[in-house]
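Here's the letter readout for the chains.
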Amino acid sequence: MALAGTSKVVLGCVAFGIFWVMAVFPSVPFMPVGRTAGSLLGAMLMVLFRVMSPEDAYAAIDLPIIGLLFGTMVVSIFLERADMFKYLGNLLQWKSRGSKDLLFRVCIVSAIASALFTNDTCCVVLTEFILKVARQNNLPPQPFLLALATSSNIGSAATPIGNPQNLVIAVESGISFGQFLVGIFPAMMVGVLTNAAILLLYFWKYLSVEKDQEGGQATGPEVFADDEVTSHRFTPARMSHVSSLNPDDVDCVSEPIIRSNSISNSVNDNLRSRSINSEADIQLAIKSLRASSMSHEMVEVSTVPDRRDEGGLGGSSRKFTRTASQQRSVIIEDLPPSPESNGEKEKETEVAEKRWKILVWKTAVYLITLGMLIALLMGLNMSWTAITAALVLLALDFTDAQACLEKVSYSLLIFFCGMFITVDGFNKTGIPNTLWELVEPYSRIDSAKGVALLAVVILILSNVASNVPTVLLLGTRVAASAAAISHDSERKAWLILAWVSTVAGNLTLLGSAANLIVCEQARRAQFFGYNLSFWSHLRFGVPSTIVVTAIGLLIVTSY
């Protein structure tokens, strides 16, 4: 494609430049409106400057990608409601053997979770939890935050639903979910392990110091109450600090125990205050103690009709109990059950029913999500598979869907719509195609030098223009160049683009939205706040990105 007219090229560059500034620096002083408004502004300018027509702008929006994003967001919201991420957080601490073991677990868990639930979602729901665990165990937060951000980016490269640029690649290339997984999953696992090894070497000195500053004794990761660590919950679009259990349910469960303890305590207090000066008082005290002990040892209670009135229908009933220490029936009362005991039984029944319903609902959410993954592996249409799973979950919820749909990040969907229009308008200027024609002869993937040069171009452009615009600009051009070699080379080119553009997000703090999420969530965390600076991320990000990208390319190109 040749260059367009001078006015079209200039105006198109102006519109794309405004979009780029707003996307990379969403809080610029002269227009702090954010990325979403910036993408819409770029799209509007492309139409106003007549770089593209309104019809072309509408056609540029890739609806399958928007549908796939929407479906995965809804599924992630239901998984969060079903405590999936709470269980992942508990897995990080389960039988932990120290700070290095905890760091390794953060890398593995965040990588796998990102491959299934997108890296942005993983970072939103796990950042504050990991920060709190590090603070409570007297560990430096920086290595764990870097492990979460970098491993989430690397792990998200393994599947088409792991990050937005992979969604674009999967839809544009037509590569099935299974082929995508087989092509990149080995590189992802090796990359995560390599990244974890670099983290351990880089922070070995800090992770080896586990001394309490006050006591001077070694303190490994402690075991905290579940409520202290997992009481906070998150959603992919916003956070909410609501406990997973209803407080009223907890009160219902604990009320019978509290009443039993209060009765026992009152009996013991009466015995302590009573002066035993005679044999009759001693016998009375012994009987009271036996009655109290019997109430605690009760294991079976049954009500049988009174045999003295077998002929009458309204005969009285007696309550018998069988104790653990004495295998005999003892009459403890001749009176019918009190209204209070019936109320307690009703409350316990209600609590049991609620817990059973919650268990069934969680199981249904997990099974539907598993079914969605199986359908994706079978090669079904990814967009409609995700949308179908989302609608089934909304239908099975049996409540108004408004509360759930409000948590969907519509600003991200709108950002993608504006970005599709802006990038397509920039392509119509002919500048990307002209630049690619200069690089293309030297970046063919049939040679090691070509793969290396292509990786450098993708790496730099992903950090300058962000990874999704990079994929939109280079995707079809890289694939067309590789298709001239062979069909397998075309698929390999798409996988190389997916791997490098994703891992490139680890180079700088601004290279990936997941990095910014971790940074902002950590900075705003209540009581456990930590500022992950640009330079602290860069010092680790540069060597990690270069090594992981190189190792992964060797594996992907050999596929």
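Now for a look at the structure at hand.

Calculation criteria
Residues numbered from 1 in each chain as written. Predicted model: local features only at pLDDT ≥ 70, side-chain atom pairs only at ≥ 80, totals over all residues. Heavy atoms only, no water. Helix = DSSP H or I, 4+ residues; strand = E, 2+ residues; numbered from the N terminus. Salt bridge = Lys/Arg side-chain N within 4 Å of Asp/Glu carboxyl O. Buried < 20%, exposed > 50% of the residue type's maximum accessible area, 1.4 Å probe, protein only. Core = buried A, V, L, I, M, F, W, Y, C linked by side-chain atoms within 4.5 Å. Contact = heavy atoms within 4.5 Å. Expected span 1.5 Å × (residues − 1). Phe/Tyr/Trp six-rings, centres within 6.5 Å; stacked < 30°, edge-to-face > 60°. Lys NZ or Arg CZ within 6 Å of the ring centre and 35° of its normal.

Looking at the environment of Leu145
For step 1, the next point in the chain: Checked against the element boundaries, Leu145 lands in helix H8 (residues 141-156).
For step 2, the next point in the chain: Through-space distance from the C-alpha of Leu145 to that of Leu131 is 7.3 Å; in sequence the pair is 14 residues apart.

Here we look at the pattern of salt bridges
For step 1, the next point in the chain: Taken as a whole and assessed by the stated rule, the structure comprises five salt bridges.
For step 2, the next point in the chain: In this structure, Arg81 and Asp397 form a salt bridge, with 3.1 Å as the shortest nitrogen-oxygen distance. With Arg81 in helix H4 (residues 63-81) and Asp397 in the loop between helix H16 (382-396) and helix H17 (402-405), this pair connects stretches of sequence that are 316 residues apart.
For step 3, the next point in the chain: Residue class for Arg81 comes out partly exposed when judged on its relative accessible area of 28%.
For step 4, the next point in the chain: The closest approach of N and O atoms between Arg105 and Asp101, which form a salt bridge, is 3.2 Å. Taken together, the positions of Arg105 and Asp101, both in helix H6 (residues 99-117) and four residues apart, correspond to about one turn of that helix.
For step 5, the next point in the chain: Under the relative-accessibility criterion, Arg105 is labelled buried at 17%.
For step 6, the next point in the chain: Accessibility expressed as a relative area gives 22% for Asp101, which makes it partly exposed.

What to know about the nonpolar core
For step 1, the next point in the chain: Grouped together as the largest cluster of nonpolar side chains are 131 residues, with contacts concentrated most on Phe144 and Trp499.
For step 2, the next point in the chain: Leave out the neighbours within four places in its chain, and Trp499 touches Ile154, Ala157, Ile184, Ala187, Met188, Val548, Thr549, Gly552, Leu553 and Val556.

Concerning H6
For step 1, the next point in the chain: Here H6 is 19 residues long and its end C-alpha atoms lie 26 Å apart, about the 27 Å a rise of 1.5 Å per residue gives.
For step 2, the next point in the chain: Where H6 ends, the next residue or the one after it, Thr118, has phi of about 70°, a positive value.

Structural notes on the packing of aromatic side chains
For step 1, the next point in the chain: Under the counting rule described, the total for this entry stands at 10 aromatic pairs.
For step 2, the next point in the chain: Look at Phe16 and Phe426: their rings are 4.2 Å apart centre to centre, the planes differ by 15°, and that puts the pair in the stacked class. Here Phe16, found in helix H1 (residues 6-24), pairs with Phe426, found in helix H18 (residues 410-428); they are 410 residues apart in sequence, far enough to count as distant.
For step 3, the next point in the chain: Overall, the relative accessible area of 11% leaves Phe16 in the buried class.
For step 4, the next point in the chain: Grouped by ring-pair contacts, the aromatic residues Phe16, Phe19, Phe415, Phe416, Phe420 and Phe426 constitute a single cluster.
For step 5, the next point in the chain: The positively charged end of Lys100 is found above the aromatic ring belonging to Trp204, 4.5 Å away from the centroid.

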